[in-house]
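# Chains, contacts and geometry: an overview
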Amino acid sequence: MAAAQAVEEMRNRVVLGEFGVRNVHTTNFPGNYSGYDDAWDQDRFEKNFRVDVVHMDENSLEFDMVGIDAAIANAFRRILLAEVPTMAVEKVLVYNNTSIVQDEILAHRLGLIPIHADPRLFEYRNQGDEEGTEIDTLQFRLQVRCTRNPHAAKDSSDPNELYVNHKVYTRHMTWVPLGNQADLFPEGTIRPVHDDILIAQLRPGQEVDLLMHCVKGIGKDHAKFSPVATASYRLLPDITLLEPVEGDAAEELSRCFSPGVIEVQEIQGKKVARVANPRLDTFSREVFRNEKLKKVVRLARVRNHYIFSVESTGVLPPDVLVSEAIKVLMGKCRRFLDELDAVQMD
Amino acid sequence: MEDDQELERKISGLKTPMAEGERKTALEMVQAAGTDRHCVTFVLHEEDHTLGNSLRYMIMKNPEVEFCGYTTTHPSESKINLRIQTRGALPAVEPFQRGLTELMNVCQHVLDKFEASIKEYKDQKASRNEATF
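Residues numbered from 1 in each chain as written. Chains lettered and ligands numbered in written order. Predicted model: local features only at pLDDT ≥ 70, side-chain atom pairs only at ≥ 80, totals over all residues. Heavy atoms only, no water.

### Overview of the overall build of chain B
Helices and strands together make up the secondary structure of chain B, namely two helices and five strands. The N-to-C order of helical and strand elements in chain B reads β-β-β-α-β-β-α. A burial count over chain B gives 41% of its 133 residues as buried. Considering only contacts in chain B between residues 6 or more positions apart, those separated by 24 or more positions represent 44%. Working note: accessible area of chain B is about 7600 Å², and carbon and sulfur atoms make up 51% of it. (Helix = DSSP H or I, 4+ residues; strand = E, 2+ residues; numbered from the N terminus. Buried < 20%, exposed > 50% of the residue type's maximum accessible area, 1.4 Å probe, protein only. Contact = heavy atoms within 4.5 Å. Areas by Shrake-Rupley, 256 points an atom, 1.4 Å probe, with all protein chains shown as cover.)

### What to know about the packing of aromatic side chains
Following the criterion strictly, the structure yields 11 aromatic pairs over all chains and no others. With a centroid separation of 5.2 Å and 5° between ring planes, the pair formed by F63 of chain A and F308 of chain A is classed as stacked. Residue F63 of chain A is located in strand β4 (residues 60-66), and its partner F308 of chain A is located in strand β18 (residues 297-312); the two are separated by 245 residues in the primary sequence. Judged on exposure class, the residue F63 of chain A and its partner F308 of chain A are both buried. One aromatic cluster is present, formed by F63, Y233, Y306 and F308 of chain A together with F114 of chain B through successive ring pairs. A cation sits over an aromatic face here: R335 of chain A above F336 of chain A, 5.1 Å from the ring centre. (Phe/Tyr/Trp six-rings, centres within 6.5 Å; stacked < 30°, edge-to-face > 60°. Lys NZ or Arg CZ within 6 Å of the ring centre and 35° of its normal.)

### Focus: the sheet that holds strand β7 (residues 138-145) of chain A
Residues and elements named next belong to chain A. As summarised here, the arrangement of the four strands in space is β5-β14-β7-β11, forming an open sheet in which the pairing is antiparallel. Sheet topology places β5 (86-97) and β11 (173-176) at the edges, where each strand pairs with a single neighbour. Between one strand and the next, the sheet's axes are offset by a mean angle of 25°, whatever the strand orientation. When β5 meets strand β14 (residues 207-217), the two strands line up antiparallel, connected through 10 bridges. Bridge assignment links K91 to a residue of β14, and that residue is H213. Running at roughly 150° to β5, helix α4 (residues 103-111) makes contact with β5, β7 and β14 of the sheet. (Pairing = 2+ DSSP bridges. Axes fitted to C-alpha atoms, helices over the stretch in contact; angles between N-to-C directions.)

### Some thoughts on helix α7 (residues 248-256) of chain A
Residue and element names in this part refer to chain A. Within α7, the full set of buried residues consists of A250, L253, S254 and C256. Along the long axis of α7, the arc covered by the buried residues comes to 155°, so they all point the same way. Opposite the buried face of α7, by more than 90 degrees, sit the exposed residues D248 and R255. (Arc of directions from axis to C-beta.)

### Things to note about the UniProt feature "domain: DNA-directed RNA polymerase RBP11-like dimerisation" (unreviewed entry) in chain B
Here the UniProt feature "domain: DNA-directed RNA polymerase RBP11-like dimerisation" (unreviewed entry) sits at residues 39-112 of chain B. The span residues 39-112 of chain B is 43% helix and 31% strand, and its two end C-alpha atoms sit 36 Å from each other. (UniProt positions renumbered as here; feature names shortened; annotations may be inferred.)

### Overview of the pairing of strand β5 (residues 79-86) of chain B
Residues and elements named next belong to chain B. Residue alternation in β5 divides its side chains into a buried set, I80, L82, I84 and T86, and an unburied set, K79, N81, R83 and Q85. Across seven bridges, strand β3 (residues 39-45) lies against β5 in antiparallel orientation. Each residue of the ladder has a partner; that of F42, found in β5, is L82. Between strand β4 (residues 65-72) and β5, which pair antiparallel and follow one another directly, the connecting turn spans six residues.

### Observations concerning the confidence of the model for chain B
Residue and element names in this part refer to chain B. Summarising the model, chain B shows a mean pLDDT of 80, and 77% of its residues fall at 70 or more. The least confident element of chain B is strand β1 (residues 12-13), whose mean pLDDT is 42; the most confident is helix α1 (residues 49-60), at 95. Within the model, pLDDT remains below 50 along residues 1-23, and this stretch shows 33 contacts once partners closer than five positions in the same chain are excluded. What the predictor reports for the complex is a pTM of 0.89 with an ipTM of 0.90. (pLDDT = per-residue confidence, 0-100.)

### Some thoughts on the interface of chain A and chain B
The extent of an interface is frequently quoted as the accessible surface area lost upon association of the parts. At the interface, 49 residues of chain A touch 45 residues of chain B. Buried surface at the junction of chain A and chain B, both sides included, amounts to about 4500 Å², of which 70% is carbon and sulfur. Of all residues in chain A, F29, W40 and F336 of chain A bury the most surface against chain B, accounting for 16% of the area lost on that side. Here chain A and chain B share five salt bridges between them. Counting every contact that joins chain A to chain B gives 13 residue pairs in polar contact (both at pLDDT 80 or more). Residue assignment for the side of chain A that touches chain B shows that the elements contributing at least two residues are α2 (42-48), β3 (50-56), β4, α3 (70-82) and α8 (318-345) of chain A. At 19 residues, α8 of chain A tops the list of elements feeding residues into the side of chain A that touches chain B. (Buried area = accessible area lost by both parts, 1.4 Å probe. Salt bridge = Lys/Arg side-chain N within 4 Å of Asp/Glu carboxyl O. Polar contact = N/O pair within 3.5 Å; in protein donor to acceptor, adjacent residues only side chain to side chain.)

### Structural notes on the pattern of salt bridges
Counted according to the given criterion, the structure contains 32 salt bridges over all chains. Across the pair D48 of chain B and R78 of chain A runs a salt bridge, and its minimum N-O distance is 3.1 Å. Here R78 of chain A lies in helix α3 and D48 of chain B lies in the loop between β3 and α1, a pairing that spans two chains. For R78 of chain A, a relative accessible area of 23% puts it in the partly exposed group. One salt bridge in this structure joins R289 of chain A and E286 of chain A, with 3.2 Å as the shortest N-O distance. Judged by relative accessible area, E286 of chain A falls into the partly exposed class, the value being 31%.

### Quick word on the packing of α3 of chain A against α1 of chain B
Two elements in contact, α3 of chain A and α1 of chain B, have axes whose closest approach is 8 Å; the angle formed by their N-to-C orientations is 165°. The orientation of α3 of chain A relative to α1 of chain B falls into the category roughly antiparallel. When the axes of α3 of chain A and α1 of chain B are compared, the crossing they make is left-handed. For the pair α3 of chain A and α1 of chain B, the contacting residues are A71, I72, A75, R78 and I79 of chain A in the first and H49, T50, N53, S54, Y57 and M58 of chain B in the second. (Parallel < 35°, antiparallel > 145°, perpendicular 65-115°, else oblique. Left-handed = near helix turned anticlockwise from the far one by under 90°.)

### What about the nonpolar core?
Core analysis: the largest hydrophobic core is formed by 71 residues, its most contacted members being F63, M65 and I68 of chain A together with L44 and F96 of chain B. In this structure, I68 of chain A is in contact with F45, F49, A73, F76, N304 and Y306 of chain A together with V110 of chain B, ignoring residues within four places of it in sequence. Core analysis: the second largest hydrophobic core is formed by 27 residues, V101, L142, F185 and L210 of chain A among them. (Core = buried A, V, L, I, M, F, W, Y, C linked by side-chain atoms within 4.5 Å.)

### Considerations on a negative patch on the surface
A surface patch of negative charge is lined by D41, D43 and E46 of chain A together with D112 and E115 of chain B. Relative to the assigned elements, D43 of chain A resides in helix α2. (Patch = residues over 30% accessible without salt bridge, like charges linked within 9 Å, V, L, I, M, F, W, Y side chains within 5 Å. Lys, Arg positive; Asp, Glu negative; His and termini not counted. Charge placed at Lys NZ, Arg CZ, Asp CG, Glu CD.)

Here it is as structure tokens:
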């Protein structure tokens, strides 16, 4: 009985001990456990798999994926960070830059600005193509000159009053349509995501005049192409009380965890601790610093329950990003299947 | 028969001819001498742990596979070596192909379930907004 429980724990839980983590790796491959059929079964996978969306707004998404293995969940996370394409500024043609910010620093900053353009409507630029065509390039113009404000007060020291156009923001970037882009994209849809990003500061007489080319790329090439602010996952916490905890110990226990995880209830005049919502816990392991309580609790994580959190930079909505990431992984598999078919035909 | 060579490398791969002799092989297969087709090392170019680990997991789930492992040759090179050894006389290409197909099916199913979940969430939110007006 105890042995069966231990095996179940080994298969389903990652246990957080005081000095280390146990059962980290997936071991349920065929042949490892007698009495278990671990061979891949698509129907069994489909029956046990589910996706629950917990929270979604225009830039962030939190959802649960249950019944999948770490290798595949991690593949989705890696693709979200590095292989979903976006458009970003790649080439900056500087006509005039008399500001205090050097050309290359300015170009670096411009590259990091997220551009609100659906990358699925564009192609990658061909290698060696310097000019760029309308199908793979977006052009932006940035032209700002700072002048002295003639109507400022005599003894004012506020730069907002003294100077005109002394801060260069992304709202000063104007889109220059190429070819038939003006017909395809209505006015105002191709722009930087945020219009209040400060690019550079100027003083009277200084000017920034440049032309930017945006191309499609992936995060693997340069982090500016990454479509997510970040994408991460954590495993669902699983807290079990090995013995009933009562009285003051119950209060102490509830303080060892994040608020809301342990609930202290009054049953027949005694305070009893109960695990209310383990999902909220961040596993600070404070309970292991308490000599009495560390023997009472088992901290573990459910091995196949992933709580994903995706935050988009604004280029694409986060649910579209996850769909695109899954499609990228399918594309990789398809590419090798095609290669195999071609090789076997020889 | 090259008996004087210890390791016979039989490299087969699809070479797409490109301008200036630029080689674009995505997949190579390397076999050690003497063994028949049930032990093969695949070299996958332009790939890393993203596909390597997930593919290794799917192939290991196949009961006919005795050994499956992958490694990145060097962090500066973007390619992985994936080795498959099968029990019996099953050619190693078969679990490789099956692993790829099964991974694709998993992704398709995940995509369907995810999009259904998103749609349900949006509908729920819309109906909740309507109810408050």
